[in-house]
Amino acid sequence: MPYTNYAIVSGSLPAGLTLNPTTGTISGTPTTAGAFSFTAQVSDSAGAKALATCSSSGCSSVATWDFSTPSGVRGTSQAYTVNGLTITAYGFTNVSTPAALYGKNEGDDEVGLGINGTVANEITTNTYIQLDLANVIAAGAVNPMLVIGSVQAGEGFNLYGSSALGTLGTILITNAIIDFTPFAMPSYPNYRFIGVRASAVDVLLDALSFTIPKACTITVAPPPCAGSICGSLFRDCNADGQN
């Protein structure tokens with residue numbers, strides 16, 4: 001008989017997920033990473049029931065894109081792929097002329113992506129870097145955390161959101177001085193492109209992390225079939241088919 005009712009009878013689904021009691025589909029986007037355990041029950045129209053227990057890591061994982069590698073002079077764009085998802089970085093001057101990127105890896109907070117040919121091969125007030133987030137947005141990634149490095153005393157940066165490559169767009173953060181410490185990226189996922197430009201001296205684009213949802217597969221098996229035998233049992237001592 002077809003299953004007609006699904007329910008969570010103990011524990012709970014990760015926040016952001018819901019169970020359809022009719023189809024058994026678990027859908028939504030997890031909003032919190034962590035370990036979750038729950039027991040699902042399914043029943044059919046005759047009242048037969050089966051249980052399955054699922055333990056998961058919140059159906060999500062944290063992925064980090066490190067922009068310090070590969071190091072050295074890059075092209076005017078550079079793709080970075082983690083867990084099959086690609087974020088592409090683009091370098092520009094303030095007049096939106098493409099500029100070569102530079103992967104810097106000199107230790108401490110002097111690691112990240114800058115612009116080749118500047119005084120320290122970093123992002124200056126006359127250059128900027130844009131990140132194309134189309135793939136992570138499409139994948140349902142949440143909780144973006146950005147890291148900007150090489151923010152020394154007297155230095156700072158601005159953050160921009162844009163729907164067009166080569167255009168800085170809307171300013172999201174002004175004169176920030178957060179150095180080498182993750183901070184929540186605002187206005188996500190409203191903008192496909194996120195731009196970083198120094199507001200004073202120069203800085204580096206170090207890393208970006210997201211919480212990525214993963215597919216959860218829950219298999220509910222029916223209980224073992226129980227049966228009974230009705231009738232008489234005869235003993236055929238002569239093996240001749242006669243009682």
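Residues numbered from 1 in each chain as written. Predicted model: local features only at pLDDT ≥ 70, side-chain atom pairs only at ≥ 80, totals over all residues. Heavy atoms only, no water.

A.B. asks: Describe the overall build of the protein chain, and please don't skip the residues or the numbers.
C.D. replies: Scanning the protein chain from terminus to terminus reveals one helix and 19 strands. Considering the protein chain as a whole, with its 243 residues, one finds that 40% of them fall into the buried category. When the accessible area of the protein chain is evaluated, it comes to approximately 12,300 Å², of which 53% is carbon and sulfur surface. (Helix = DSSP H or I, 4+ residues; strand = E, 2+ residues; numbered from the N terminus. Buried < 20%, exposed > 50% of the residue type's maximum accessible area, 1.4 Å probe, protein only. Areas by Shrake-Rupley, 256 points an atom, 1.4 Å probe, with all protein chains shown as cover.)

A.B. asks: Before we move on, could you go through the nonpolar core and cite the residues and values that matter?
C.D. replies: Counting residues in each nonpolar core, the largest one holds 36 residues, and the members touching the most others are Trp65, Leu133, Leu205 and Phe210. Residue contributions to this core peak at five residues, all from strand β19 (residues 202-213). (Core = buried A, V, L, I, M, F, W, Y, C linked by side-chain atoms within 4.5 Å.)

A.B. asks: Could you give me a rundown of the pattern of salt bridges, with the residues and numbers involved?
C.D. replies: According to the stated counting rule, one finds three salt bridges in the structure shown. The salt bridge involving Glu122 is made with Lys104; its shortest N-O contact spans 2.8 Å. With a gap of 18 residues between them, Glu122 in the loop between β11 (111-115) and β12 (123-124) and Lys104 in strand β10 (residues 101-105) connect regions that are remote in the sequence. Here Glu122 and Lys104 have matching classes, each one buried. Through salt bridges that share partners, Lys104, Glu110 and Glu122 make up one connected network. (Salt bridge = Lys/Arg side-chain N within 4 Å of Asp/Glu carboxyl O.)

A.B. asks: Help me get a handle on the confidence of the model for the protein chain, residues and values and all.
C.D. replies: Taken as a whole, the protein chain shows an average pLDDT of 85; of its residues, 78% reach a score of 70 or greater. Low pLDDT, under 50, characterises residues 218-223; the stretch is placed with 13 contacts to residues that sit more than four places away or in other chains. Across residues 225-235, where pLDDT falls below 50, the model places two contacts with residues more than four positions away in sequence or in other chains. (pLDDT = per-residue confidence, 0-100. Contact = heavy atoms within 4.5 Å.)

A.B. asks: How would you sum up the sheet that holds strand β9 (residues 85-93)? Please name residues and give values.
C.D. replies: The antiparallel open sheet is built from six strands, whose spatial order is β8-β9-β13-β18-β15-β16. Each edge of the open sheet carries a strand with a single partner, namely β8 (77-82) and β16 (170-176). The mean inter-strand angle of the sheet, taken between neighbouring strand axes irrespective of direction, is 20 degrees. Summarising the sheet, β9 and strand β13 (residues 127-132) pair through six bridges and their orientation is antiparallel. Within the sheet, the bridge partner assigned to Ala89 lies in β13 and is Leu131. (Pairing = 2+ DSSP bridges. Axes fitted to C-alpha atoms, helices over the stretch in contact; angles between N-to-C directions.)

A.B. asks: Summarise the environment of Thr97; cite the residues concerned and give the values.
C.D. replies: Residue placement: Thr97 occurs in the loop between β9 and β10. On a C-alpha basis, the gap between Thr97 and Thr127 in space is 9.3 Å, while along the polypeptide they are 30 residues apart. In contact with Thr97, other than residues within four places in its own chain, are Gly91 and Phe92.

A.B. asks: Describe the environment of Ile8, naming the residues involved and giving the relevant values.
C.D. replies: With respect to the helices, strands and loops of the structure, Ile8 is situated in strand β1 (residues 3-11). What Ile8 contacts, discounting residues up to four positions off in sequence, is Leu13, Leu19, Phe38, Thr39 and Ala40.

A.B. asks: Account for the pairing of β10, with residues named and values stated.
C.D. replies: In the case of a regular strand, side chains alternate between the two sheet surfaces. With four of five residues buried, β10 is to be regarded as a mostly interior element. Of the pairings in the sheet, the one linking strand β7 (residues 72-73) to β10 comprises two bridges and is antiparallel in character. Each residue of the ladder has a partner; that of Val73, found in β10, is Tyr102. Across five bridges, β10 lies against β11 in antiparallel orientation. Within the sheet, the bridge partner assigned to Lys104 lies in β11 and is Gly112.

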